[in-house]
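Given next are the chains, with one letter for each unit.
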Number of protein chains: 2
Amino acid sequence: MARPRTAPRTVDHPDLAQVDLQQVMEALVDPVRRMVVSQLARKGEDMSCGTFEAPVSISTLTHHFNVLREAGVIRQYYVGVTKMNTLRADEMEERFPGLLPAVIAACAAETGSGVD
Amino acid sequence: MARPRTAPRTVDHPDLAQVDLQQVMEALVDPVRRMVVSQLARKGEDMSCGTFEAPVSISTLTHHFNVLREAGVIRQYYVGVTKMNTLRADEMEERFPGLLPAVIAACAAETGSGVD
DNA sequence: CCATTACTTCGACGACAGTCGTAGTATAGA
DNA sequence: TCTATACTACGACTGTCGTCGAAGTAATGG
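Keep in mind it's a predicted model, so treat the numbers as computed, not measured.

Thresholds applied
- Residues numbered from 1 in each chain as written.
- Chains lettered and ligands numbered in written order.
- Predicted model: local features only at pLDDT ≥ 70, side-chain atom pairs only at ≥ 80, totals over all residues.
- Heavy atoms only, no water.
- Pairing = 2+ DSSP bridges.
- Helix = DSSP H or I, 4+ residues; strand = E, 2+ residues; numbered from the N terminus.
- Contact = heavy atoms within 4.5 Å.
- Axes fitted to C-alpha atoms, helices over the stretch in contact; angles between N-to-C directions.
- Near = heavy atom within 4 Å.
- Polar contact = N/O pair within 3.5 Å; in protein donor to acceptor, adjacent residues only side chain to side chain.
- Least-squares fit on C-alpha atoms with pLDDT ≥ 70 in both.
- Salt bridge = Lys/Arg side-chain N within 4 Å of Asp/Glu carboxyl O.
- Buried < 20%, exposed > 50% of the residue type's maximum accessible area, 1.4 Å probe, protein only.

J.: I keep staring at the sheet that holds strand S1 (residues 47-48) of chain B and nothing clicks. Help me out?
T.: Two orientations exist for strands paired in a sheet by backbone hydrogen bonds: parallel and antiparallel. Residues and elements named next belong to chain B. With antiparallel pairing, three strands are arranged side by side in an open sheet as S1-S3-S2. The sheet is open, and its two borders are formed by S1 and strand S2 (74-79), each paired with just one other strand. Note that S1 and strand S3 (residues 82-87) share two bridges and pair antiparallel. Bridged to Ser48 within S3 is Met84. Along the sheet, helix H2 (residues 31-43) makes contact with S1, S2 and S3, crossing S3 at roughly 80°.

J.: What's the story with the protein's contact with DNA strand D in this structure? I'm lost.
T.: The environment of DNA strand D is made up of 25 residues, and the closest members are A:Arg33, A:Ser57, A:Thr60, A:His64 and B:Lys83. The sugar-phosphate portion of DNA strand D accounts for 76% of its atoms within 4 Å of the protein, the bases making up the rest. In the environment of DNA strand D, a phosphate oxygen lies 3.4 Å from a nitrogen or oxygen atom belonging to the backbone of B:Cys49. B:Thr62 is positioned such that a nitrogen or oxygen atom in its side chain is 2.9 Å from a phosphate oxygen of DNA strand D. Of all the elements in the fold, those that place two or more residues in the surface near DNA strand D are helix H2 (31-43) and helix H3 (58-70) of chain A together with helix H3 (58-70) and S3 of chain B. The element that contributes the greatest number of residues to the surface near DNA strand D is H3(A), accounting for four residues.

J.: Would you mind going over the sheet that holds strand S2 (residues 74-79) of chain A with me for this structure?
T.: All names here are of chain A. Pairing is antiparallel across the open sheet formed by three strands, whose spatial order is S1-S3-S2. This sheet does not close on itself; its edge strands, each paired only once, are strand S1 (47-48) and S2. Here S2 pairs with strand S3 (residues 82-87) via six bridges, running antiparallel. Note on S3: the bridge partner recorded for Gln76 is Asn85. Sitting on the sheet, H2 is in contact with S1, S2 and S3, with an inclination near 80° to S3. Together, S2 and S3 form the strand contacts of H3, whose direction differs from that of S2 by roughly 120°.

J.: Where do I start with the relation of the copies chain A and chain B in this structure?
T.: Mapping between the two copies of the chain is achieved by a rotation about an axis and a shift along the axis. Least-squares fitting of chain A to chain B yields an RMSD of 0.0 Å, with the superposition described by an axial translation of 0.0 Å and a rotation of 180°. What the rotation and shift describe, once combined, is the action of a two-fold rotation axis. Looking at chain A, 100% of its interface residues are interface residues in chain B too, so the copies touch through the same face.

J.: Mind showing me how you'd approach the pattern of salt bridges here?
T.: Where charged atoms from two side chains of opposite charge come close, those side chains can pair. Residues and elements named next belong to chain A. According to the stated counting rule, one finds five salt bridges over all chains in the structure shown. When the shortest N-O distance is used, the salt bridge between Arg75 and Glu91 registers 3.2 Å. Note that Arg75 is positioned in strand S2 and Glu91 in helix H4 (residues 89-95), a separation of 16 residues in sequence. Using a relative accessible area of 32% as the deciding quantity, one classes Arg75 as partly exposed.

See the structure below:
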């Protein structure tokens, strides 16, 4: 019989018009979340939740993905049992011009050069 | 006789090279501190601590100025009994290109339009 | 139907940031 | 020398955020 006795898993995303600067700043102030954004930007393609490098547990990482998604920074969707992540770069650019690129560039500059 | 039995009040500022993104993000994530930065950018000239509008007490405001200064966002200097504040915009631009302007623009966009 | 994989939810805990009022300090002026 | 002004330093309090592990849920494959 039909297997899907529940609807396919969906994810809610805010319209960027209803996201304010405070929310985005709070999302981007956490170093782990910036690592996520940075890796996403660096890779240039969608990544599943399990493929990120971060010095925290899986459940904590889930929390960080939620914060980023609710701030409109990333978009998430399921592919089978895995959850994919994408930067909402274009939309963010329209809403907060220059902000995300500046942060990403700063991340890259810090992790790229041998600062430590 | 010579009155200055103490050296004139001075203020310490970090070299921007030794300020990291985390510190700047933490400085800019607080809405009161963004108000300070925003007013400084809007005014376009140095402002004394007492001339800022913020919904907090004076002592709290002092704390916010300290955070901004230690993050390299503002420069402070005494003029008699008042303390002046100025944005380190050019230096910040060199250290974290685009970051401060993006935040300032976002602040202006939010406070400018009748969002609430 | 069952096991596995991949992620989520929950509750608890610890740390720390923002806030205040009070008391203190440096400068200017009388 | 004394007072007023403008800001600072300190200690206390509070709320919130990041963190974890354990238990839960949904899809996939056998």
